[in-house]
Amino acid sequence: MSLLRVENLRIRFATARGVATVVDGVDFSMQAGEALAIVGESGSGKSQTALAIMGLLEEGAQVEGRICFDDRELLGLPAPEMARRRGAGIAMVFQDPMSSLNPHLTIGTQMAEGLIHHRGASRTQARAASLRMLDAVQLSDGARRLAQYPHELSGGQRQRVLIATSLLCEPRLLIADEPTTALDVSVQAQIVALLAQLRRELGLSLLLIAHDLGLVAELCERSLVMYAGRAMESGPTREVLAAPAHPYTRALLAARPRIGGGSGRLEAIEGTAPDPARRPNGCAFHPRCRQAADRCTQQVPSPRVVGTRQSVCHFDGAGAVR
Ligand code: SF4
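Residues numbered from 1 in each chain as written. Predicted model: local features only at pLDDT ≥ 70, side-chain atom pairs only at ≥ 80, totals over all residues. Heavy atoms only, no water.

Novice: What's the story with the overall build of the protein chain in this structure? I'm lost.
Specialist: A count of helical and extended segments in the protein chain gives 11 helices and 12 strands. Relative to the globule expectation of 20 Å for 322 residues, the C-alpha radius of gyration of the protein chain, 20 Å, shows essentially globular dimensions. Across its three principal directions, the C-alpha atoms of the protein chain cover 65 × 50 × 40 Å. Every one of the 322 residues in the protein chain was classed for burial, and the buried ones make up 47%. For the protein chain, the proportion of contacts with a sequence separation of at least 24, taken over those separated by at least 6, is 64%. Counting only carbon and sulfur atoms, one obtains 50% of the accessible surface of the protein chain, whose full area is about 15,300 Å². Each charge class in the protein chain can be summarised by its mean position, and for the 36 positive and 32 negative side chains these summaries are 1 Å apart. (Helix = DSSP H or I, 4+ residues; strand = E, 2+ residues; numbered from the N terminus. Rg over C-alpha atoms; globule rule 2.2 N^0.38 Å. Buried < 20%, exposed > 50% of the residue type's maximum accessible area, 1.4 Å probe, protein only. Contact = heavy atoms within 4.5 Å. Areas by Shrake-Rupley, 256 points an atom, 1.4 Å probe, with all protein chains shown as cover. Lys, Arg positive; Asp, Glu negative; His and termini not counted. Charge placed at Lys NZ, Arg CZ, Asp CG, Glu CD.)

This is the structure we're talking about:
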């Protein structure tokens, strides 16, 4: 049985320009203990997918499909029931550690909140658990940290606090949305190592939302590449990165800077991602795709198996028409 199953997920918002479809029929599942990355540019729908799983989409979102956690449907649950399920099983770490913490409350107060509300812990129990978790995320001098305010910590320290807070209720699934984007490069490496270690030690499932393919390679066995709200390619991370089957994955890889990475030029993906209220006909990637043919402008491609991967393109990885 899958720990998380997302089926035909569609998320739309009414806007002044018309209905914006930000996620358009996405399917994936995760087994317990597995790490899956959802990869794509800004606006690909990856963060909206994560927010839908958490039940934290903005008001007005129209959501269809299924999101089953531990074989129980989450979509359509009343907010208090959703909060209970979420608190018991799923936690999320957001991109910007500063804006995710309340500047007016001490770290100790913010860490204790979830345990007190979701688990009925006393303040003393919550403090003891917070100290243990700060130790687990390798943030030294825990008692002093609990008395500090967010602005007194560095970006890396704040992200460790957020990871520790998210793990306090012992979730089975941790969703990490671009957890290193706002950090310096050296701190990013520390946070990646920490997430990998915590995953191993706690047996966590990890759903990583990322645009950084290097981060994905280090943390996740499987990857799902999204563009304009649709899944483009999915499969084992090693193979998706080593021999991408989909033109969009290939373009993402070609645009990726590498440290000391040879003399090859980086290739920008020309154009911009489509406005979700004015999506192109056919394959959503066709206005930017170098391999696009006439049928790409008319027909939405169906998912096809290419080796160990699933690619949503009219052509196979070698360019042959299917
Ligand atoms: Fe490119 Fe056509 Fe494949 Fe879309 S279906 S990715 S436009 S080749």
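Novice: Before we go on, may I ask you to explain the site of the ligand in this structure?
Specialist: Residues in contact with the ligand amount to 13 residues; listed here are only the nearest, Cys283, Cys289, Cys296, Cys313 and Phe315. Residue classes in the shell around the ligand are distributed as 9 nonpolar, 4 polar and no charged. (Near = heavy atom within 4 Å. Nonpolar A, V, L, I, M, F, W, Y, C, P; charged D, E, K, R; others polar.)

Novice: What am I meant to see in the sheet that holds strand E9 (residues 222-227) here?
Specialist: Note on sheets: strands pair through backbone hydrogen bonds, and any given pair is parallel or antiparallel. Ordered in space as E6-E7-E8-E3-E9-E10-E12-E11, the 8 strands form an open sheet in which the pairing is mixed. Each of the sheet's edge strands pairs with one partner strand only, and the pair in question is strand E6 (90-93) and strand E11 (303-306). Ignoring which end each strand starts from, the neighbouring axes of this sheet average 20 degrees apart. Across 4 bridges, the pairing between E6 and strand E7 (residues 173-177) is parallel. The residue of E7 that forms the bridge with Met92 is Ile175. (Pairing = 2+ DSSP bridges. Axes fitted to C-alpha atoms, helices over the stretch in contact; angles between N-to-C directions.)

Novice: Would you take a moment to explain unusual backbone geometry for this structure?
Specialist: Negative phi values dominate among residues other than glycine, just as trans dominates among peptide bonds. Unusually for a residue other than glycine, Asp71 sits at a positive phi of about 65 degrees. Relative to the helices and strands, Asp71 resides in the loop between strand E4 (62-69) and strand E5 (72-73). Of note, Ala228 is a non-glycine position whose phi angle comes to about 50 degrees, a positive value. Tracing the sequence through the fold places Ala228 in the loop between E9 and strand E10 (230-236). Note on Ala228: relative accessible area 6%, which makes it buried.

Novice: Hey, could you run me through helix H4 (residues 107-119) in this one?
Specialist: Since the α-helix advances by 3.6 residues per turn, residues separated by three or four positions end up pointing in the same direction. Look at H4: 19 Å from first C-alpha to last across 13 residues, which is about the 18 Å you get at 1.5 Å a residue. Burial in H4 covers these residues: Ile107, Gly108, Gln110, Met111, Ala112 and Leu115. Buried residues along H4 sit against helix H5 (123-136), helix H6 (142-147) and helix H7 (155-167). Taken from the residues just after H4, Gly120 is the one with a positive phi, measuring 65 degrees. (Expected span 1.5 Å × (residues − 1).)

Novice: Would you mind showing me how to read the packing of aromatic side chains here?
Specialist: One pass over the structure, following the stated rule, counts 3 aromatic pairs. With 4.7 Å between their ring centres and 55 degrees between their planes, Tyr227 and Tyr248 make a pair best called tilted. Of this pair, Tyr227 sits in strand E9 while Tyr248 sits in helix H11 (residues 247-254), placing them 21 residues apart in sequence. This pair shows no difference in class: Tyr227 is buried, exactly as Tyr248 is. Here Tyr227 and Phe285 contribute two aromatic rings whose centre-to-centre distance is 5.0 Å and whose plane-to-plane angle is 75 degrees, an arrangement assigned as edge-to-face. Separated by 58 residues along the polypeptide, Tyr227 in strand E9 and Phe285 in the loop between H11 and E11 bring together distant segments of the chain. Each member of the pair, Tyr227 as well as Phe285, carries the same accessibility label: buried. Within the aromatic cluster, the residues linked to one another by ring pairs are Tyr227, Tyr248 and Phe285. (Phe/Tyr/Trp six-rings, centres within 6.5 Å; stacked < 30°, edge-to-face > 60°.)

That's the geometry; what it means functionally is another story.
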